[in-house]
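These are the residues of each chain, in order.
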Amino acid sequence: MSHNTFGHLFRVTTWGESHGPALGCVVDGCPPGIRFTEAELQHWMDKRKPGQSRFVTQRREDDRVKVLSGVMPQEDGGLITTGTPVSMLIENTDQRSKDYSEIAKRYRPGHADYTYDVKYGLRDYRGGGRSSARETAARVAAGGLARLVVPGLRVRAALVQIGEHRINRDNWDWAEVDNNPFFCPDAAMAPVWEDYLDAIRKAGSSVGAVIEVVADNVPAGLGAPIYAKLDQDICANLMSINAVKGVEIGNGFAAASISGEQNADEMRIGEDGQPVFLSNNSGGILGGISTGQPVVARFAVKPTSSILNERRSIDSEGHEVDVKTKGRHDPCVGIRAVPIGEAMVACALADHYLRDRGQTGRLD
């Protein structure tokens, strides 16, 4: 299986399967001299790990990240990157492969079972192998390092829609995101989602979601006009996340329903003599290049394909079958996709920051 690497200068290769002994990543191209601790990386890992509420899979994984290479230990217990490949390991400790024995030959509707079999002639039915969202733990580890590459960068994400229930954007409060199990910025919507997902979970079904990622303190000038657009790579990174079926930047698809006057981000000169944008419909990116405004991206996650209710399908021997998936699954995978989206945007920004520095020589 090829294509396990993304990025150009900040290059991330992930490895491992959902039910293997471990998974991890190798980050090549990380600059030397970046100071961090494993605890800093673990903070982001803890946001993604399973089993933290009844609204996500009850698989119990500590998701402890171990840095194996590319760093020098410091006297204060911290680490500093050396410029060589940084390898990170996350052990799997709570696999239950027997939960999947009944679907060893059956293709689960909505999953990658059939397409993997068609392409490779075999598939890892134990949780999907590389197609499992378990693989994204390694991306979050890489994203923790990527956040430190761009000086002052802050990447945050929130869940803005579950099923048909959307937040009231007038209630947006970043401080609320860590006060509920949904990463919801609207305090009034969190209890609505709680009742809604309880019903979905008890029915053995699932539902989709929309996540919004906002990156602050992004330098102006990152990206390129044609085949290395910043928004192009952000979209590619987000689309690579399991179950993602749509990505938009800034106004996104809503831009199709408004006028040019409404959509254009007008400009004036600020008191410091620097340009000031009067709106941010572009999501902080114009012509593939960052404007210096917050970079805003949203992505849609489909309903979890592993559900308890029977669905019609076929098996690898050509028989028509009915399939229901046992085991521990998220009624809404969008919840744990929030820190994954943050990580993938951070990796794209780190990569473009290093590319820009290499081409222009700028260090800010």
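In this report, the structure presented in the accompanying data block is examined.

Rules and cut-offs
Throughout this document, residue positions are counted from 1 along each chain, in the order its sequence is written. Where local features are concerned, this predicted model is filtered to residues with pLDDT of at least 70; where side-chain atom pairs are given and counted, the filter is 80 or more; whole-chain, interface and lining totals use all residues. Side-chain metrics rest on all non-hydrogen atoms present in the structure, leaving aside hydrogens and water. Note on classification: 1.4 Å probe, protein chains only; a residue is buried when its accessible area is under 20% of the maximum for its type, exposed when over 50%, partly exposed between these limits. For the purposes of this entry, the term helix denotes a DSSP run of H or I that reaches at least four residues, the term strand denotes a run of E that reaches at least two, and both are numbered from the N terminus. Any two residues having at least one pair of non-hydrogen atoms within 4.5 Å are treated as being in contact. Pairing between two strands requires that DSSP report at least two bridges joining them. With axes taken as lines fitted to C-alpha atoms, and helix axes fitted only over the stretch in contact, angles between N-to-C directions fall between 0 and 180 degrees. Ring pairs are drawn from Phe, Tyr and Trp, using the six-membered ring of Trp, whenever the two centres fall within 6.5 Å, and their geometry is named by plane angle: stacked under 30 degrees, edge-to-face over 60, tilted for the rest.

**Side note on helix H1 (residues 38-48)**
Residues of H1 that are buried include every one of Leu41, Gln42, Trp44, Met45, Lys47 and Arg48, and no others. Looking at the buried side of H1, the elements it contacts are strand E4 (35-36), strand E5 (65-67), strand E8 (86-91), helix H3 (136-146) and helix H7 (337-360).

**Examining the sheet that holds strand E1 (residues 5-6)**
Strand order across the open sheet formed by five strands is E1-E2-E3-E8-E5, with antiparallel pairing between neighbours. At either end of the open sheet lies a strand with only one pairing partner, and these are E1 and E5. One ladder, built from six bridges, connects strand E2 (residues 11-16) with strand E3 (residues 22-28); its direction is antiparallel. When the bridges of E3 are listed, threonine 14 appears paired with cysteine 25. Most of the contacts of H3 go to E3, to which it runs at about 35°, and overall it touches E2, E3, E5 and E8.

**Structural notes on the packing of aromatic side chains**
Summed over the entire model, instances satisfying the criterion amount to four aromatic pairs. Judged by centre distance (5.5 Å) and plane angle (75°), the ring pair of tyrosine 107 and tyrosine 114 falls under edge-to-face. Judged by relative accessible area, tyrosine 114 falls into the partly exposed class, the value being 47%. Ring geometry for phenylalanine 182 against tryptophan 193: centres 5.9 Å apart, planes inclined by 85°, an arrangement best described as edge-to-face. In this pair, phenylalanine 182 sits in the loop between strand E10 (165-166) and helix H4 (190-202) while tryptophan 193 sits in helix H4, placing the two residues eleven residues apart along the sequence. As far as the burial class goes, phenylalanine 182 and tryptophan 193 line up, both buried.

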